[in-house]
Amino acid sequence: MKVVSADFVTSAFKQAGYPPDTLPEVAFAGKSNVGKSSLMNTLVNRKNLARTSSTPGRTQSLNFFSINQKLYFVDFPGYGFAKVPGEIRKQWKPMVETYLTSRKNLKLVVVILDCRREPSRDDGDLLEWLRFYKIPAVVVLTKIDKIPFGRRNQQKLLVKKMLKVEDDHIVFFSAVTGEGKEDLWKKIRSKL
Ligand SMILES: Nc1nc2c(ncn2[C@@H]2O[C@H](COP(=O)(O)OP(=O)(O)O)[C@@H](O)[C@H]2O)c(=O)[nH]1
Ligand SMILES: [Mg+2]
């Protein structure tokens, strides 16, 4: 996909704040620090697009970006953040669940994992939700440049087993080398 424009649109905590649901939408979720911003920036060839979400006041909300004015990307707040106070953690679930159950134009959720780590309980919960609501998901194992080639398959098997996802719904990715970018775009396009 040739990205000509990628712009921050709005930040929302509640349904009333979402932009109109007239364009197909892809959401990105993952544990804090997993490499979500880097992945989104790589997809759209920008350095700072997703960092906009780190602006104070936007870190815990849903952040919407318009891509080529053809689709929206939605950046979820990172989960499993030990430092985040309980009150904020408690907001995450209802906010995300409201979004997932109400957003008619949501076509795909990209769930991002660090390829060096075991999937967490939160990752498992999210994928279970997505299955329950019949929302298509793709699992991305990012930072793939950090592990030896020979370990890839082992990690994939672990993810398949723990998260119950199929082979063709798993993508190896690196924001450093750009590996997986085309593969992920292909999966996104196929859902639009
Ligand atoms: N080696 C490597 N480092 C990465 C990759 N993606 C992200 N990082 C690093 O991981 C850290 C967290 O990345 P960031 O995109 O901010 O994560 P976020 O909190 O999930 O948005 C930063 O230091 C990034 O430079 C990757 O594909 N390869
Ligand atoms: Mg981020």
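Since we're looking at a predicted model, the values are computed, not measured.

It is worth spelling out the overall build of the protein at this point. Counting secondary structure elements, the protein contains five helices and seven strands. Mapped in sequence order, the helices and strands of the protein form the string β-β-α-β-β-α-β-α-β-α-β-α. By the compact-globule yardstick of 16 Å for 192 residues, the protein fits well, its C-alpha radius of gyration being 16 Å. For the protein, the C-alpha atoms occupy an extent of roughly 45 × 40 × 30 Å along the three principal directions. Looking at the protein as a whole, 48% of its 192 residues qualify as buried.

Inspection of the entire model under this criterion finds nine aromatic pairs. Taking 5.7 Å as the distance between ring centres and 45 degrees as the angle between the ring planes, the aromatic pair formed by Tyr18 and Phe64 counts as tilted. Of this pair, Tyr18 sits in the loop between strand 1 (6-12) and strand 2 (25-30) while Phe64 is found in strand 3 (residues 62-67), placing the two residues 46 residues apart along the sequence. Relative accessible area serves as the criterion here: at 10%, Tyr18 is assigned to the buried category. Grouping aromatic residues by their ring pairs yields a cluster made of Tyr18, Phe64, Phe76 and Tyr99. When the ring centre of Phe172 is taken as origin, the NZ or CZ atom of Arg152, which lies over that ring, is 5.3 Å away.

The next subject is the nonpolar core. Ranked by size, the top nonpolar core spans 34 residues in total, and within it Phe76, Tyr99, Leu100 and Leu130 carry the most contacts. The set of elements that each furnish at least two residues to this core consists of strand 2, strand 3, helix 2 (86-102), strand 5 (106-114), helix 3 (121-132), strand 6 (137-142), helix 4 (152-163) and strand 7 (170-172). It is helix 2 that contributes the most residues to this core, five residues altogether. Ignoring any residue separated from it by four or fewer positions in sequence, one finds Leu100 in contact with Phe76, Leu106, Val109, Leu126, Trp129, Leu130 and Ile135.

Of all six residues in strand 6, six are buried, a share of seventy percent or more. Neither face of strand 6 is exposed, since Ala137, Val139 and Leu141 on one face and Val138, Val140 and Thr142 on the opposite face are all buried. Traced from strand 5 through helix 3 to strand 6, the parallel crossover comes out right-handed. Across three bridges, the pairing between strand 6 and strand 7 is parallel. Bridging across to strand 7, Val140 finds its partner in Val171. For the crossover from strand 6 across helix 4 to strand 7, the handedness is right-handed.

What follows covers the site of ligand 1. Taken together, 15 residues are adjacent to ligand 1, and Lys36, Ser38, Arg51, Asp145 and Ala175 come closest. At a separation of 2.7 Å, a nitrogen atom of ligand 1 approaches a polar side-chain atom of Asp145. Coverage of ligand 1 by the protein chains reaches 72% of its 570 Å² of free accessible surface. When its residues are assigned to classes, the shell around ligand 1 shows three nonpolar, six polar and six charged.

Counting buried residues along strand 5, eight of its nine residues qualify, which places the element largely inside the surrounding structure. In this sheet, strand 5 lies alongside strand 2 in parallel orientation, the contact comprising six bridges. Among the inter-strand pairings, Ala27 is bridged to a residue of strand 5, identified as Val109.

Turning our attention to the environment of Arg121. By the secondary structure assignment, Arg121 is in helix 3. For Arg121, a relative accessible area of 68% translates into the label exposed. In this structure, the C-alpha to C-alpha distance between Arg121 and Gly80, residues 41 residues apart in sequence, is 9.0 Å.

So, how was this worked out
Residues numbered from 1 in each chain as written. Chains lettered and ligands numbered in written order. Predicted model: local features only at pLDDT ≥ 70, side-chain atom pairs only at ≥ 80, totals over all residues. Heavy atoms only, no water. Helix = DSSP H or I, 4+ residues; strand = E, 2+ residues; numbered from the N terminus. Rg over C-alpha atoms; globule rule 2.2 N^0.38 Å. Buried < 20%, exposed > 50% of the residue type's maximum accessible area, 1.4 Å probe, protein only. Phe/Tyr/Trp six-rings, centres within 6.5 Å; stacked < 30°, edge-to-face > 60°. Lys NZ or Arg CZ within 6 Å of the ring centre and 35° of its normal. Core = buried A, V, L, I, M, F, W, Y, C linked by side-chain atoms within 4.5 Å. Contact = heavy atoms within 4.5 Å. Right-handed = clockwise from strand over helix to strand, strands pointing away. Pairing = 2+ DSSP bridges. Near = heavy atom within 4 Å. Polar contact = N/O pair within 3.5 Å; in protein donor to acceptor, adjacent residues only side chain to side chain. Areas by Shrake-Rupley, 256 points an atom, 1.4 Å probe, with all protein chains shown as cover. Nonpolar A, V, L, I, M, F, W, Y, C, P; charged D, E, K, R; others polar.

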